[in-house]
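Okay, here's what each chain looks like letter by letter:
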Amino acid sequence: MKLLGEKLVAFRDTEGRIGMIDEFCAHRGVSLWFGRNEECGLRCPYHGWKYDVNGHCVDLPSEAEQTGMRARIKLKSYPTIEQGGVIWVYMGPPELKPAPPALEWTLVPAQNRFASKRLQECNYLQAIEGGIDSSHVSFLHSGALNRDPLFKEVRRANTYNLSDRMPHFEVVEYEGGLLIGARRKADNDRWYWRITPFIMPWNTLIPPRAGHPIGGHAWVPIDDENCWAWSINYHPKRALTAPELKAMKDGLGIHVKYVPGTFIPLANKTNDYLMDRSTQKSGANYSGVEGIAMQDASLQESMGPIQDRTKENLCSTDNGIIMMRRLLLKAGKDNRDGKPLPGLKPDAQRVRSCAIELPRDVKFKDGAWDGMFRPLDTDPVTV
C-alpha cells in the first residue's frame, strides 16, 4: 500500500502482530508484496531474506551470521494499532506520538458501526472540501435523498434541504478543528441547522437524518494526486439493523460497489462513472451518476488530480472551506516550528455531527452544543 507518498507493505504475522514496513527488500529491492508470511516474519521469495513486524532482518540465509551483516539490516517500519475495526499507522517522530484515536465511531461496539474504503483519484483536500460543503446536497444529491435507503423517509429534513437551496453558513473554531453550521428555513419560523465537524487533519462527520446512523469520512493521502476515502456509518446507542447493514454492504449511502478484488469503485473515470444521461434529463437522478458517494467523487475527480484554486470564485457558502484552508496552512507552519497541532488530543476528537431546529434568535454554537458534545451511548440529536 501507499501512504503519504511512501510505498509500504502491511502484514499480520503468525502470532497476530501487525507489521507496516518498507515494501522493498534491503537486498536487491524486490517487492515484499510477493513475500511468504511464515513463522513470525515476511520472507522475500528471491533469496530468502526475512523481516519481522519491526523491519528487523531475522534471517539472512546467504550470509554467515558471524559477519554481523544480518544485525545491521533493518527496513523502515511504523507502529500500528487496531481500533474500530481499522488499522491505524503512526508515521511521525516517535517522541511526538499522540494518544490512540478517540473518534466516537472507533469507540462504539462493533455491531454499531460499518466502515469501508475506496480509492479516490484526486488530492485529498478537494475531497475534504466536498465533505464540509452542505450546500451541494440540495443539488447534487437531490434525487437520492428520497430514494437511497440510508437517507429516505426523512420528510422534514429532506424537505428543508430541497426547498431552501441558499443556506447560510456560520463557522466556529474549536480545539479540534471547525464546527461548520449550515442554516436553512424550517417550519414555525425556526431555522434548520446541519452542523458538520471538521476534525483535523482529515476527518469529517455528516449530520444525521431522523433515525438513520451518523455518517463520516476520513480522506487519507496516498500521494499528492490520490487518497483513500474511508466512509463510516455508526450509531452511538444501538446496533445497526440488518437492512442498514445490507444497504451499506451493497454500496449504498456513502459506500460504493467495487471492481471485484480491489478497492476501486465499480463506477470510475474509466467508464465515465456509469453516467446515465436519460435519468439526468428526466430528473430522476440529478447528476446522472448513481450513488451518493460517486456523485461526490465524480465531480471532485473532474477538477483534476490537484485543483487549480487560482481560478476559483468563492462565495458565502464557501466559508467553511475558506476557514479550513486557513487552519491547515496555520497547522503546517506550526508543525514546521514544532508547535502542537489541533485535532490530536482525544478530547478534541469526541465531537458529533447533529441536525437541529432552533429559534431564529439562537446561535447554533449555543443551541446545538449539547448535541455536538454528548456522552457515549446516547442518541444523536437529529431531525
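Each remark here, short or long, concerns the structure printed above.
Since the structure is predicted, the reported quantities are computational estimates derived from the model, not experimental observations. (Residues numbered from 1 in each chain as written. Predicted model: local features only at pLDDT ≥ 70, side-chain atom pairs only at ≥ 80, totals over all residues. Heavy atoms only, no water.)

**Student:** If you had to explain helix H3 (residues 124-131) to someone new, which residues and values would you point to?
**Tutor:** Counting buried positions along H3 yields six of eight residues, so the element is predominantly enclosed. Taken together, the buried positions of H3 are occupied by Leu125, Gln126, Ala127, Ile128, Glu129 and Gly130. (Buried < 20%, exposed > 50% of the residue type's maximum accessible area, 1.4 Å probe, protein only. Helix = DSSP H or I, 4+ residues; strand = E, 2+ residues; numbered from the N terminus.)

**Student:** Outline the sheet that holds strand E6 (residues 50-51), supporting the account with residue identities and numerical values.
**Tutor:** Taken together, the four strands give an open sheet; going across it, the order is E4-E5-E6-E7, and neighbouring strands pair in antiparallel fashion. Bordering the open sheet on either side are strand E4 (36-38) and strand E7 (57-59), each of which pairs with just one other strand. In the sheet, strand E5 (residues 41-43) pairs with E6 via two bridges, with the strands oriented antiparallel. When the bridges of E6 are listed, Leu42 appears paired with Tyr51. (Pairing = 2+ DSSP bridges.)

**Student:** Describe the packing of aromatic side chains, and please don't skip the residues or the numbers.
**Tutor:** Scanning all chains against the criterion turns up ten aromatic pairs. When the ring of Phe139 is compared with that of Tyr286, the centres are 6.3 Å apart and the planes differ by 65°; the resulting orientation is edge-to-face. With Phe139 in the loop between H3 and helix H4 (155-163) and Tyr286 in the loop between helix H6 (277-282) and helix H7 (292-302), the pair connects residues that are 147 residues apart, well separated along the chain. Judged by its relative accessible area of 32%, Phe139 is partly exposed. (Phe/Tyr/Trp six-rings, centres within 6.5 Å; stacked < 30°, edge-to-face > 60°.)

**Student:** Could you give an account of the pairing of strand E16 (residues 226-234), with specific residues and numbers?
**Tutor:** Across a regular strand the side chains alternate sides, sitting on one face of the sheet and then on the other. Of all nine residues making up E16, eight are buried, and the element is well covered by its neighbours. Note that strand E10 (residues 113-120) and E16 share eight bridges and pair antiparallel. Residue pairing for E16: Lys117 is matched across the bridge by Trp230. By the bridge criterion, nine bridges tie strand E15 (residues 214-223) to E16 in an arrangement that is antiparallel.

**Student:** Which residues make up the pattern of salt bridges, and what values do they have?
**Tutor:** Taken as a whole, this structure holds 24 salt bridges when the rule is applied. For the salt bridge of Arg43 with Glu38, the shortest nitrogen-to-oxygen distance reads 2.4 Å. Given a relative accessible area of 17%, Arg43 falls into the buried group. Here Arg325 makes a salt bridge to Glu129, at a shortest N to O gap of 2.8 Å. One end of the pair, Arg325, is in helix H8 (residues 319-336); the other, Glu129, is in helix H3, and 196 residues separate them in sequence. Classification of Arg325 as buried rests on a relative accessible area of 16%. Take Glu129: its relative accessible area is 7%, and that puts it in the buried class. (Salt bridge = Lys/Arg side-chain N within 4 Å of Asp/Glu carboxyl O.)

**Student:** A description of the environment of Glu153 should follow, citing residues and the corresponding values.
**Tutor:** Relative to the elements of secondary structure, Glu153 occurs in the loop between H3 and H4. Considering only alpha carbons, one finds Glu153 and His212, 59 residues apart in sequence, at a separation of 9.7 Å.

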